Amino acid sequence: MADTTDFRNGFTMQIADELWQIVKFQHVKPGKGGAFVRTTLKNVRTGRVVDKTFRAGEKVKGARIERREHQFLYEDSLGMHFMNMQDYEQFSLPAENVAKRKFLKEGGAIDILFHAETEEPLLAEIPKSVELRVTQSDPGVRGDTATGATKPAKLESGATINVPLFISEGDLIRVNTDTGDYITRVTG
């Protein structure tokens, strides 16, 4: 059992059969009354965010979450299929458990969070930026580069984003998966 002195960002605890991860916390010691800890918690399975206050020293049941690198194999009616890069074990997750999946291509690397005690896969997290090839894009208009104009481009993962006019089909680009924005063209 852990208590409020163990709280830190990323600490995971079990409350009412649900796993919650601390997004941020603040120890508060008012001039009158007992101290308490104000937290913002994120549900590991659903992503729901709530605020909760704990009394100082209150006991909570800590949970160990492990992050393991996997490779995305394919998606079908059963969900998205992944392979562990260490022991080559395969399993599937429902597609809704994979955030930002539109930027995930077959063979791409992804981190999957597991509940360490039950070995249950909880959530899949794609890296902050990925490199994807442009599969379809209209040619840019010559001389229209000074305006910072953009055009839509379809990527090999199936996602469509806006890219600068100088990007053409076949180019490898880096994409921010949080915002869906073009970062840079990858050379070499």
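Residues numbered from 1 in each chain as written. Predicted model: local features only at pLDDT ≥ 70, side-chain atom pairs only at ≥ 80, totals over all residues. Heavy atoms only, no water.

### Examining the sheet that holds strand β15 (residues 172-176)
The strands that make up a sheet pair up through hydrogen bonds in the backbone, lying either parallel or antiparallel. For clarity, the cut-off: Only when DSSP finds a minimum of two bridges between them are two strands counted as paired. Numbering of helices and strands runs from the N terminus, with a helix taken as a DSSP run of H or I at least four residues long and a strand as a DSSP run of E at least two residues long. Between N-to-C directions, angles span 0 to 180 degrees; the directions come from axes that are lines fitted to C-alpha atoms, helices contributing only their stretch in contact.
The antiparallel open sheet is built from five strands, whose spatial order is β14-β13-β12-β15-β16. Only two strands of the sheet have a single neighbouring strand rather than two, namely β14 (160-164) and β16 (181-186). Averaged over neighbouring strand pairs, the angle between their axes works out to 55° when direction is ignored. Pairing geometry for strand β13 (residues 150-155) and β14, over five bridges, is antiparallel. Counted as the bridge partner of T150 is P164 from β14.

### Quick word on the confidence of the model for the chain
Short version of the rule: The predictor rates its confidence in each residue with pLDDT, a number between 0 and 100.
Chain-level pLDDT for the chain is 87 on average; 95% of the residues reach the 70-or-more range. Model confidence for the chain, summarised as mean pLDDT per element, is weakest for strand β11 (residues 120-125) at 82 and strongest for strand β5 (residues 49-55) at 94.

### As for the layout of surface pockets
Stated precisely, the cut-off is as follows: Cavities and pockets were defined on a 1 Å grid built over protein atoms only: a cavity is a set of grid points that admits a 1.4 Å probe from which the probe cannot escape, a pocket is an open set flanked by protein on both sides within 12 Å along at least five of seven lines, and lining residues are those with an atom within 4 Å of any such point. Grid points are joined across faces, edges and corners, and a volume is the space filled by probe spheres set on the points. All amino acids are sorted into three groups, where Ala, Val, Leu, Ile, Met, Phe, Trp, Tyr, Cys and Pro are nonpolar, Asp, Glu, Lys and Arg are charged, and the leftover types, Gly among them, are polar.
A volume near 320 Å³ is recorded for the largest pocket. In terms of lining, the largest pocket is formed by 20 residues, of which the most central are K42, A99, L123, A124 and E125. Here the lining of the largest pocket gets three residues from one element, more than from any other, and that element is β11. In the lining of the largest pocket, the residues fall into seven nonpolar, four polar and nine charged.

### Regarding the packing of aromatic side chains
The line we're drawing: Any two rings among Phe, Tyr and Trp, with Trp reduced to its six-membered ring, count as a pair given centres within 6.5 Å; such a pair is stacked if its planes are under 30 degrees apart, edge-to-face if over 60, and tilted if neither. To sort residues, take the accessible area from a 1.4 Å probe on protein chains only and compare it with the maximum for the residue type: under 20% means buried, over 50% means exposed, and anything in between is partly exposed.
Overall, the coordinates contain five aromatic pairs when judged by the stated rule. Ring geometry for F7 and F11: centres 5.8 Å apart, planes at 35°, overall tilted. Summarising the burial analysis for this pair, F7 and F11 share the class buried. Relative to F54, the ring of F7 has its centre 5.3 Å away and its plane inclined at 80°; by these criteria the two rings are edge-to-face. On the criterion of sequence distance, the pair formed by F7 in the loop between β1 (2-3) and β2 (12-15) and F54 in strand β5 is long-range, its members being 47 residues apart. By relative accessible area, which is 5% here, F7 ends up buried. In this structure F54 comes out as buried when scored by relative accessible area, which is 2%. Put simply, the rings of F72, F82, F91 and F114 pair up and form one aromatic cluster.

### Focus on the pattern of salt bridges
Selection criterion: For salt bridges, the criterion is a side-chain nitrogen of Lys or Arg within 4 Å of an Asp or Glu carboxyl oxygen.
The tally for this structure, following the rule as stated, stands at ten salt bridges. Put simply, E119 and R68 hold a salt bridge, and the shortest N to O gap is 2.9 Å. Taken together, the positions of E119 in the loop between β10 (109-115) and β11 and R68 in strand β7 (residues 65-76) put the pair 51 residues apart, joining distant regions of the chain. Between D178 and K128 there is a salt bridge, with its nearest N and O atoms 3.6 Å apart. Pair noted here: D178 is in the loop between β15 and β16 and K128 is in the loop between β11 and β12 (129-137), with a separation of 50 residues, a long-range link. The exposure class assigned to D178 is partly exposed, which follows from its relative accessible area of 46%. Owing to a relative accessible area of 58%, K128 belongs among the exposed residues under this scheme. Within the structure, one salt-bridge network assembled from shared partners comprises R64, E66, R68 and E119.

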